[in-house]
Amino acid sequence: MANIASARKRARQAETNRQRNMATRSRFRTAVKKVLKAVRAGDKDGAASAYQAAVPVIDKTVTKGIIHANKAARHKSRLNTRIRQM
C-alpha cells in the first residue's frame, strides 16, 4: 500500500474507475449478447429491437473510453448484418 497521501488517494480513484469501467464493459457485452441471442432464436423483431437498444450502449462505451470507436463500429456493423440476413 502507498505511504504518501496523494498515492493513497490515487489508489482509491483507480479502484473506483476500475469498477466503473467494468460495469460499463459488462453493460456493453450484455447488450451485444441480447442481440445475438435473438438472432440465434430467429426472432427478427426481437433482434431489431435489441439492436436499437444496444446501439446507444455501444456508443456510450466509446464515449467513456472503454472501447475504441472502430471496435464499436465493427460490432454495430456485424450485428446489423446478421439481422438483415435473417
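Coordinates for the structure precede this section.
Report follows, based on the coordinates. Since this is a predicted model, take the numbers as computed values, not measurements.

Scoring rules and cut-offs
- Residues numbered from 1 in each chain as written.
- Predicted model: local features only at pLDDT ≥ 70, side-chain atom pairs only at ≥ 80, totals over all residues.
- Heavy atoms only, no water.
- Helix = DSSP H or I, 4+ residues; strand = E, 2+ residues; numbered from the N terminus.
- Rg over C-alpha atoms; globule rule 2.2 N^0.38 Å.
- Buried < 20%, exposed > 50% of the residue type's maximum accessible area, 1.4 Å probe, protein only.
- Polar contact = N/O pair within 3.5 Å; in protein donor to acceptor, adjacent residues only side chain to side chain.
- Contact = heavy atoms within 4.5 Å.
- Expected span 1.5 Å × (residues − 1).
- Core = buried A, V, L, I, M, F, W, Y, C linked by side-chain atoms within 4.5 Å.
- Patch = residues over 30% accessible without salt bridge, like charges linked within 9 Å, V, L, I, M, F, W, Y side chains within 5 Å.
- Areas by Shrake-Rupley, 256 points an atom, 1.4 Å probe, with all protein chains shown as cover.
- Salt bridge = Lys/Arg side-chain N within 4 Å of Asp/Glu carboxyl O.
- Lys, Arg positive; Asp, Glu negative; His and termini not counted.
- Charge placed at Lys NZ, Arg CZ, Asp CG, Glu CD.

What follows deals with the overall build of the protein chain. Counting its regular elements, the protein chain contains 3 helices and 0 strands. Reading the helices (α) and strands (β) of the protein chain from amino to carboxyl end gives α-α-α. Here the protein chain has a C-alpha radius of gyration of 17 Å; the compact-globule value for 86 residues is 12 Å, and the former is much larger. A buried classification covers 24% of the 86 residues belonging to the protein chain.

A word on the side chain of T24. Along the polypeptide, T24 turns up in helix α1 (residues 5-41). Polar contacts involving the side chain of T24 include one to the main-chain carbonyl oxygen of R20, which spans 3.0 Å. Setting aside residues up to four positions removed in sequence, T24 forms contacts with T61, K64 and I66.

Let us now look at helix α3 (residues 69-84). Between the first and last C-alpha of α3 there are 22 Å, a value that for 16 residues agrees with the 22 Å anticipated at 1.5 Å per step. Buried residues along α3 sit against α1 and α2 (44-63).

Attention now moves to α1. Since there are 3.6 residues in each turn of an α-helix, residues three or four apart along the chain are aligned in direction. Its 37 residues give α1 an end-to-end C-alpha distance of 54 Å, which sits within 8% of 54 Å, the value for a rise of 1.5 Å per residue. Those residues of α1 that fall on the buried side of the exposure criterion are T24, F28, A31, V32, V35, L36, A38 and V39. Remark: G42 follows α1 within two positions and exhibits a positive phi of approximately 80°.

Judged by nonpolar contacts, the single largest core of 18 residues is most densely connected at V32, V35, Y51, I58, L79 and I83. The set of elements that each furnish at least two residues to this core consists of α1, α2 and α3. Of all the elements, α1 adds the most residues to this core, at 7 residues. Look past the residues within four positions of I83 in its chain and what remains in contact with it is V35, V39, K44, A47, A48 and Y51.

Okay, a positive patch on the surface next. A contiguous patch of positive charge on the surface is contributed by R29, K33, K71, R74 and R78. Per-element tally for the positive patch: the top contributor is α3, with 3 residues. Of note, K71 is situated in helix α3.

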